[in-house]
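Here is how the chains run, residue by residue.
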Amino acid sequence: MTGLMQIGPVPVMAENSILLPLLLGAAAVCVLLLAAFLIRSSYERKHFTVTHYEVKSPKVTEEQDGYTIVMLADLHNNEFGPGNRKLTDAIKREAPDLVLIAGDAVTVKRGSDVDLESFRRLLEGLKEADCPVYFTRGNHEDRLVKLPEVFPGIWGQMTTLLDRYGVIHINNEQTVLPPKKGVKDGKGPVLASYEIPREGYRKIAKKNAVNEEMIRQAIGIPLSSSEEPPFVILSAHSPLFGEAYSDWGADLTVSGHFHGGTIRLPFVGGLMTPQFHFFHGKERGMFLLKQAPDGPKYQITSGGLGTHSINLRFRNMSELVVIRLKHN
Ligand SMILES: [Fe+2]
């Protein structure tokens, strides 16, 4: 009887003595994993990868074959080396025919100063790319234009910078690009820019917030300067409305805005966009939108070069996009 009384409490003490180290061990593992995650995230925000895409279309002429566009999307004032030297050096190595700054070069938030100095340093560095630089707005620059009472004079300062560095700003319009380097008296493809209305940037915006007719109303039908319809590139900052872009007539739409989905999971892709679309599936990469009688319609979405508000990246390196057009 005495022996039985003594045996009772022993297993309880043993459970406690195992449980505590287990909990401490689990907590330590969680802290280590979190630290590793944050270190990796910081690395992916401070370094970038260069992604090359080849876009083949019968609408790319023989003389345009190899036309190279470098796209910078969603830089959000990020800098890779002093004055963005690492970024501009990488751009120079691609020997581009065109640099396209495709929106959200700066971060614009209520209550925060807009950093135009890092944007100026970027434009200074881009002079060495020795090619035309075009600029299309993202939702952040749109705030400067649409909310002048909140950001007085800032958009004027930004356009002054664009003018000073010879950067061409297009918005709700189309232009025939200069020819490939070394080609005289030729033509480049058409570049169009669509300004997405504010409802298109709302949280969990619906895919029908933009349609083909709205784009036509804003910028007309795709330019056609000769009997041969040109290859048309549409810069539309949010990739959400790919179907409308290709229905409008874009042979290639270039976008950013989704920041690659913030955290990318194996087999699933991006976790979340800045508009809180979860597992959207097309946060980053090149996608065939449709096969039309005049050729395929593609969309390329950059994972972006910066972040804001949710300053995280994981398995989602900052990305410089290089597009080569191919005649076929
Ligand atoms: Fe954006």
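Conventions we followed
Residues numbered from 1 in each chain as written. Predicted model: local features only at pLDDT ≥ 70, side-chain atom pairs only at ≥ 80, totals over all residues. Pairing = 2+ DSSP bridges. Helix = DSSP H or I, 4+ residues; strand = E, 2+ residues; numbered from the N terminus. Axes fitted to C-alpha atoms, helices over the stretch in contact; angles between N-to-C directions. Contact = placed C-beta atoms within 7 Å. Domains from an automatic or database assignment. Nonpolar A, V, L, I, M, F, W, Y, C, P; charged D, E, K, R; others polar. Buried ≥ 20, exposed ≤ 12 C-beta atoms within 10 Å, placed from the backbone. Core = buried A, V, L, I, M, F, W, Y, C linked by C-beta atoms within 7 Å.

Asks: Honestly, the sheet that holds strand β9 (residues 252–255) in this entry has me stumped. Any pointers?
Replies: In space, the six strands of this open sheet follow the order β6-β7-β8-β9-β13-β12, with mixed pairing throughout. In this open sheet, the two strands that pair with only one neighbour each are β6 (173–176) and β12 (285–292). Each neighbouring strand pair of the sheet contributes to a mean axis angle of 20 degrees, computed without reference to strand direction. Inspection of the sheet shows strand β8 (residues 232–236) paired to β9 by three bridges, in the parallel sense. Paired with Leu-234 across the two strands is Thr-253, which belongs to β9. Along the sheet, helix α7 (residues 212–219) makes contact with β6 and β7 (190–194), crossing β7 at roughly 110 degrees.

Asks: What's the story with the domain arrangement of the chain in this structure? I'm lost.
Replies: Interface size is commonly expressed as the accessible surface area that is lost when the partners come together. When cut into domains, the chain gives domain 1 (1–46) and domain 2 (50–327). A separation of 48 Å is found between the C-alpha centroids of domain 1 and domain 2. Contact with domain 1, which involves five residues of that partner, is made by eight residues of domain 2. Broken down by class, the residue content of the side of domain 1 that touches domain 2 amounts to one nonpolar, one polar and three charged.

Asks: Can you help me understand the pairing of β12 in this one?
Replies: On a regular strand, each side chain points to the face opposite its neighbour's, so the side chains alternate between the two faces of the sheet. The buried fraction of β12 is low, at zero of eight residues. One ladder, built from seven bridges, connects β12 with strand β13 (residues 295–301); its direction is antiparallel. Within the sheet, the bridge partner assigned to Ala-292 lies in β13 and is Gly-295.

Asks: Help me understand the nonpolar core in this model?
Replies: Nonpolar side chains tend to gather and get buried jointly when the protein is soluble and globular. In this structure, Met-71, Leu-72, Val-99, Leu-100, Ile-101 and Leu-234 are the most contacted members of the largest nonpolar core, which totals 65 residues. With five residues, the single largest contributor to this core is strand β3 (residues 98–102). For Leu-100, the residues in contact, after removing those within four places along its chain, are Ile-69, Met-71, Tyr-134, Ser-235 and Val-254.

Asks: So what exactly am I meant to see when it comes to the sheet that holds strand β1 (residues 48–57) here?
Replies: Backbone hydrogen bonds hold the strands of a sheet together, and the pairing may be parallel or antiparallel. Ordered in space as β1-β14-β2-β3-β4-β5, the six strands form an open sheet in which the pairing is mixed. Edge positions in the open sheet fall to β1 and β5 (168–169), since each of these has one partner strand only. Relative to strand β14 (residues 318–327), strand β2 (residues 68–72) runs antiparallel, the two sharing four bridges. Residue Ile-69 lies in a different strand from β14, and its bridge partner there is Ile-323.

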